[in-house]
Amino acid sequence: QQPVQSPQAVILREGEDAVINCSSSKALYSVHWYRQKHGEAPIFLMILLKGGEQKGHDKISASFNEKKQQSSLYLTASQLSYSGTYFCGTADSGTYKYIFGTGTRLKVLA
Amino acid sequence: DVKVTQSSRYLVKRTGEKVFLECVQDMDHENMFWYRQDPGLGLRLIYFSYDVKMKEKGDIPEGYSVSREKKERFSLILESASTNQTSMYLCASSDGGGNQPQHFGDGTRLSIL
């Protein structure tokens, strides 16, 4: 079952904050976050492994809730370079199958 | 850096044709994946492979097959192309288990007329 992301799309002005959610109907083994700029390949941002974990770098961070069924990506003081489509990704526990969420399109305006 | 190369950026084919999409990675990764990307649907897994000659169906395998004869190469085959297979196709590779990130090619935008 593909994780569901919300919102589907968001428009921000530079300096504003955004939160992107990734929800699953079952516990996730781990969560990865990726960003894809228009016309480019998705690029890996970070991984969360443990329930309750939070991590980040620069002004982009993420959390993984205790039940490991939801992860959120936080973009603080957004910059024009943050524009793109964000995906969460996860592997089925015990298999090599890897699936992605439905995606969130984010556009930052000057 | 990992390099994943897809053979074509843009491809136009006709309904009923047999279509081959090729993907090569240069980092000796165990796992390779094919996804299609459509607006509002995100990235959907078509097939994946965790070893040479091994393949498993993803979530949307109908109308597709794959081949992995060598570790570095993973081919996606559209047996008889149809217009509903017009899409962006992305190949990815990863090493080891599910905690390893995916490395993507630039994608092939396939149009079936």
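One can find the structure itself at the top, above this paragraph.
Residues numbered from 1 in each chain as written. Chains lettered and ligands numbered in written order. Predicted model: local features only at pLDDT ≥ 70, side-chain atom pairs only at ≥ 80, totals over all residues. Heavy atoms only, no water.

**Concerning the overall build of chain B**
The helix and strand tally for chain B stands at zero helices and eleven strands. Counting helices and strands in the order they occur from the N terminus, chain B gives β-β-β-β-β-β-β-β-β-β-β. At 13 Å, chain B has a C-alpha radius of gyration in line with the 13 Å of a compact globule built from 113 residues. Structurally, chain B occupies a C-alpha span of about 40 × 30 × 25 Å along its principal axes. Looking at chain B residue by residue over its 113 residues, the buried ones come to 49%. (Helix = DSSP H or I, 4+ residues; strand = E, 2+ residues; numbered from the N terminus. Rg over C-alpha atoms; globule rule 2.2 N^0.38 Å. Buried < 20%, exposed > 50% of the residue type's maximum accessible area, 1.4 Å probe, protein only.)

**Focus: the interface of chain A and chain B**
Every contact between the two is made by 21 residues of chain A and, on the other side, 24 residues of chain B. The three residues of chain A that bury the most area against chain B are A:Tyr96, A:Lys97 and A:Phe100, which together make up 30% of that side's buried surface. We note a salt bridge from A:Lys97 to B:Asp59, for which the minimum N-O separation is 2.6 Å. Our count for the contact surface shared by chain A and chain B stands at seven residue pairs in polar contact (both at pLDDT 80 or more). Looking at the side of chain A that touches chain B, the elements that each hand over two or more residues are β4 (31-36), β5 (43-48), β9 (84-91) and β10 (98-100) of chain A. By residue class, the composition of the side of chain A that touches chain B is 13 nonpolar, seven polar and one charged. (Contact = heavy atoms within 4.5 Å. Buried area = accessible area lost by both parts, 1.4 Å probe. Salt bridge = Lys/Arg side-chain N within 4 Å of Asp/Glu carboxyl O. Polar contact = N/O pair within 3.5 Å; in protein donor to acceptor, adjacent residues only side chain to side chain. Nonpolar A, V, L, I, M, F, W, Y, C, P; charged D, E, K, R; others polar.)

**Re the state of the cysteines**
Under the definition given, this model contains two disulfides over all chains. The disulfide partner of A:Cys22 is A:Cys88, and the S-S distance across this bridge is 2.1 Å. Because the sign of the S-S torsion sets the handedness, a value of about 75 degrees for the bond joining A:Cys22 and A:Cys88 places this disulfide among the right-handed ones. A residue pair is termed long-range when its members are at least 10 positions apart, and A:Cys22 in strand β3 (residues 18-23) and A:Cys88 in strand β9 qualify at 66 residues. Given the relative accessible area of 1%, A:Cys22 is considered buried. Judged by relative accessible area, which is 0%, A:Cys88 ranks as buried. Note on cysteine connectivity: B:Cys23 is disulfide-linked to B:Cys91, with sulfurs 1.9 Å apart. Linking B:Cys23 and B:Cys91, the disulfide has an S-S dihedral of approximately -75 degrees and is accordingly described as left-handed. Within this pair, whereas B:Cys23 is found in strand β3 (residues 19-25), its partner B:Cys91 is found in strand β9 (residues 87-94), the two being separated by 68 residues in sequence. For the pair formed by B:Cys23 and B:Cys91, the shared burial category is buried. (Disulfide = S-S within 2.5 Å.)

**Some words on the pattern of salt bridges**
Once the charged atoms of two side chains with opposite charge are near each other, the side chains can pair. Residue and element names in this part refer to chain B. Under the definition given, this model contains nine salt bridges over all chains. The salt bridge partner of Glu22 is Arg73, with a shortest N-O separation of 4.0 Å. Within this pair, whereas Glu22 is found in strand β3, its partner Arg73 is found in strand β8 (residues 73-78), the two being separated by 51 residues in sequence. With a relative accessible area of 21%, Glu22 lands in the partly exposed category.

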